[in-house]
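# Survey of secondary and tertiary structure
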Amino acid sequence: MSTQVDTNDLETKVKAMYREVAENPHGEFHFEMGRAMAERLGYSSADLDHIPSEAIESFAGVGCYFHLLDDLSGARVLDLGSGSGMDSFIASLKTGPTGTVIGLDMTDAQLAKAEALRARRGVRNVTFVKGYIDAAPFQDGSFDVLISNGVINLATDKAKVFKEAARLLRAGGQLAIADIVTTVVLPESISCNATLWAACIGGAWQVDLYKQAIESAGLKIVAEQVNDQYRFLSDNAQGATKKFGVKSISLRADKV
């Protein structure tokens, strides 16, 4: 699926927006953030109580997926687009001390915040690395589990992201994601708008095409759900939600 969005402009806008998310989480955004939303999406208060509150403040995910995964004890986990680290820290609780979690992100401010929180808490089984989710700096089959929350919709080449995910997973490994999709294909007036793309709307794919790209990469979808509790805040975003069926889904896909 092609798009004419300016990729350089998009990367600049995405980095700027998520720098704001890291440094000013109580500012005005198209999307909701923070603990109340996380609990509404299905995150347990017990898990949230055991990770840095500042990571939760900057949580800009769109759903929960940990309940879709098998036991993570001892697992090697990669968080694609880890942001300020909330999901990475939760994954570290679930893997235990014998597991490892790597958070991968392209935005310096997010990485700096996540690493500062990790160091302050003395979390030993989490590492944060700078990089891109469609060209991760790791060897084939390096991970048991990949997670990603509200990020893949921002990628201009989603098929490449899913192929990269399949490369990184060992045979039988699990991909668990929450992301924004649409009921109908978005018109170019929206899909070519880098500002709307950075707001997690313009880059959303039609749900059947999205799932087809996952399966084409060699991953089999084994569980999925619609996250009815997720909502956008701005009038523009809410208008697109109603007109084009923009919604959040969580799913798990296993490497076959």
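Nothing here was measured: the structure is a model prediction, and the numbers come from that model.

Of the regular secondary structure elements, the protein holds 11 helices and 8 strands. Here the C-alpha atoms of the protein give a radius of gyration of 17 Å, agreeing with the 18 Å that 2.2 N^0.38 yields for 256 residues. Principal-axis analysis of the C-alpha atoms places the extent of the protein at approximately 50 × 40 × 30 Å. Looking at the 256 residues of the protein, the share that counts as buried comes to 58%. Put simply, of all contacts in the protein between residues at least 6 apart along the chain, 78% involve residues at least 24 apart. Carbon and sulfur atoms make up 49% of the accessible area of the protein, which totals about 10,800 Å². Averaged over its 26 positive side-chain charges, the protein has a centre that lies 2 Å from the centre of its 32 negative ones.

For Ile-102, the position within the fold is in strand E2 (residues 100-105). As a C-alpha pair, Ile-102 and Leu-196 span 94 residues in sequence and 29 Å in three-dimensional space. Setting aside residues up to four positions removed in sequence, Ile-102 forms contacts with Val-77, Leu-78, Asp-79, Thr-127, Val-129, Phe-138 and Phe-143.

With 14 residues, helix H6 (residues 108-121) should reach 20 Å at 1.5 Å per residue; the first-to-last C-alpha distance of 20 Å fits that figure. Within H6 the residues assigned to the buried category are Ala-109, Gln-110, Leu-111, Lys-113, Ala-114, Leu-117 and Arg-118. One or two residues past the end of H6 sits Gly-122, with phi positive at roughly 70°.

Moving on, we get to the pattern of salt bridges. What the rule picks out here adds up to 13 salt bridges. A salt bridge links Arg-35 to Asp-49; its shortest N-O distance comes to 2.9 Å. Of this pair, Arg-35 sits in helix H2 (residues 35-41) while Asp-49 is found in helix H3 (residues 45-49), placing the two residues 14 residues apart along the sequence. A relative accessible area of 30% means that Arg-35 is categorised as partly exposed. Residues Arg-170 and Asp-144 are paired through a salt bridge, measuring 2.6 Å at the closest nitrogen-oxygen approach. Placement of Arg-170 in strand E5 (residues 169-182) and of Asp-144 in strand E4 (residues 143-149) is noted, with a sequence separation of 26 residues between them. A single salt-bridge network, built from bridges that share partners, covers Arg-35, Glu-39 and Asp-49.

Evaluated as defined, the whole model comprises 6 aromatic pairs. Judged by centre distance (5.3 Å) and plane angle (85°), the ring pair of Phe-162 and Tyr-210 falls under edge-to-face. Of this pair, Phe-162 sits in helix H7 (residues 158-168) while Tyr-210 is found in helix H10 (residues 207-216), placing the two residues 48 residues apart along the sequence. An aromatic cluster is present here, built from Tyr-43, Phe-59, Tyr-65 and Phe-66 joined pairwise through their rings.

This part covers the nonpolar core. Ranked by internal contacts, the top residues of the largest apolar core, which has 57 residues, are Phe-31, Tyr-43, Phe-66, Met-86 and Ile-147. Residue contributions to this core peak at 5 residues, all from helix H1 (residues 7-23). Apart from the residues within four sequence positions on either side, Tyr-43 is in contact with Ala-38, Leu-48, Phe-59, Gly-63, Cys-64, Phe-66, Met-86, Asp-87, Ile-90 and Asn-149. Ranked by size, the runner-up nonpolar core spans 32 residues in total, among them Ile-133, Leu-146, Leu-168 and Leu-175.

Rules used in this analysis
- Residues numbered from 1 in each chain as written.
- Predicted model: local features only at pLDDT ≥ 70, side-chain atom pairs only at ≥ 80, totals over all residues.
- Heavy atoms only, no water.
- Helix = DSSP H or I, 4+ residues; strand = E, 2+ residues; numbered from the N terminus.
- Rg over C-alpha atoms; globule rule 2.2 N^0.38 Å.
- Buried < 20%, exposed > 50% of the residue type's maximum accessible area, 1.4 Å probe, protein only.
- Contact = heavy atoms within 4.5 Å.
- Areas by Shrake-Rupley, 256 points an atom, 1.4 Å probe, with all protein chains shown as cover.
- Lys, Arg positive; Asp, Glu negative; His and termini not counted.
- Charge placed at Lys NZ, Arg CZ, Asp CG, Glu CD.
- Expected span 1.5 Å × (residues − 1).
- Salt bridge = Lys/Arg side-chain N within 4 Å of Asp/Glu carboxyl O.
- Phe/Tyr/Trp six-rings, centres within 6.5 Å; stacked < 30°, edge-to-face > 60°.
- Core = buried A, V, L, I, M, F, W, Y, C linked by side-chain atoms within 4.5 Å.

All we've got here are geometric facts, nothing functional implied.
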